[in-house]
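One letter stands for each residue in the lines below.
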Amino acid sequence: MSILLIGRWTWAGHLEITESHTVEDGDKDAIRELIQGHDIGELFAAEFLVDSHKNAIQRAYEVYVADDDEAELIDEVEGFEPAVAY
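Just so it is clear, the model here is predicted, and its values are computed rather than measured.

Parameters and conventions
Residues numbered from 1 in each chain as written. Predicted model: local features only at pLDDT ≥ 70, side-chain atom pairs only at ≥ 80, totals over all residues. Heavy atoms only, no water. Helix = DSSP H or I, 4+ residues; strand = E, 2+ residues; numbered from the N terminus. Buried < 20%, exposed > 50% of the residue type's maximum accessible area, 1.4 Å probe, protein only. Lys, Arg positive; Asp, Glu negative; His and termini not counted. Salt bridge = Lys/Arg side-chain N within 4 Å of Asp/Glu carboxyl O. Polar contact = N/O pair within 3.5 Å; in protein donor to acceptor, adjacent residues only side chain to side chain. Contact = heavy atoms within 4.5 Å. Core = buried A, V, L, I, M, F, W, Y, C linked by side-chain atoms within 4.5 Å. Pairing = 2+ DSSP bridges.

1. Some thoughts on the side chain of Asp-75
Argument step 1. Counting through the fold element by element, Asp-75 comes out in strand S4 (residues 73-75).
Argument step 2. Although buried, Asp-75 forms no salt bridge, and the nearest oppositely charged side chain, Lys-54, lies 11 Å from it.
Argument step 3. Only 3.0 Å separates the side chain of Asp-75 from the backbone nitrogen of Val-77, close enough to count as a polar contact.
Argument step 4. A distance of 2.9 Å separates a polar side-chain atom of Asp-75 from the backbone nitrogen of Phe-80.
Argument step 5. Apart from residues lying up to four places away in sequence, Asp-75 is in contact with Ile-17, His-53, Ile-57 and Phe-80.

Structure, rendered in structure tokens:
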């Protein structure tokens, strides 16, 4: 199993996660169905091969946000704040 995070990039450059789903690893049909209907222009969707929402949020932070000093990851699903490496 893996976690699919869905959200959007805000106008301020922050990554806002609004949905979290457990899916079978690499199940492209399930992923396609879950992202259907979202505005593609702002859409963020990424699958992480981890076992929890918390771990997926941390990975999303590390991969997409950590290298940008201005960006933040905002978890609207569970409110988890990723650990920031200094």
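Further notes follow.
2. A few points about the nonpolar core
Argument step 1. One finds Leu-5, Ile-17, Phe-48 and Leu-73 to be the most contacted residues of the largest nonpolar core, which totals 15 residues.
Argument step 2. For this core, the secondary structure elements donating two or more residues are strand S1 (2-9), strand S2 (15-23), strand S3 (43-48) and helix H2 (53-65).
Argument step 3. The biggest single contributor to this core is H2, with 5 residues.
Argument step 4. Discounting residues that sit within four places of it in the chain, Ile-17 has contacts with Leu-5, Ile-6, Gly-7, Phe-44, Ile-57, Leu-73, Ile-74, Asp-75, Glu-76 and Val-77.

3. Considering the pairing of S2
Argument step 1. As defined by bridge partners, S1 adjoins S2 across 8 bridges and the pair is classed as antiparallel. Directly across from Ile-3, in S2, lies its bridge partner Thr-22.
Argument step 2. Linkage of S1 to S2, two consecutive antiparallel strands, is achieved through a turn of 5 residues, within which Gly-13 is found at a positive phi near 90 degrees.
Argument step 3. The pairing of S2 with S4 spans 3 bridges and is classified as parallel. Looking across to S4, one finds that Leu-15 is bridged to Leu-73.

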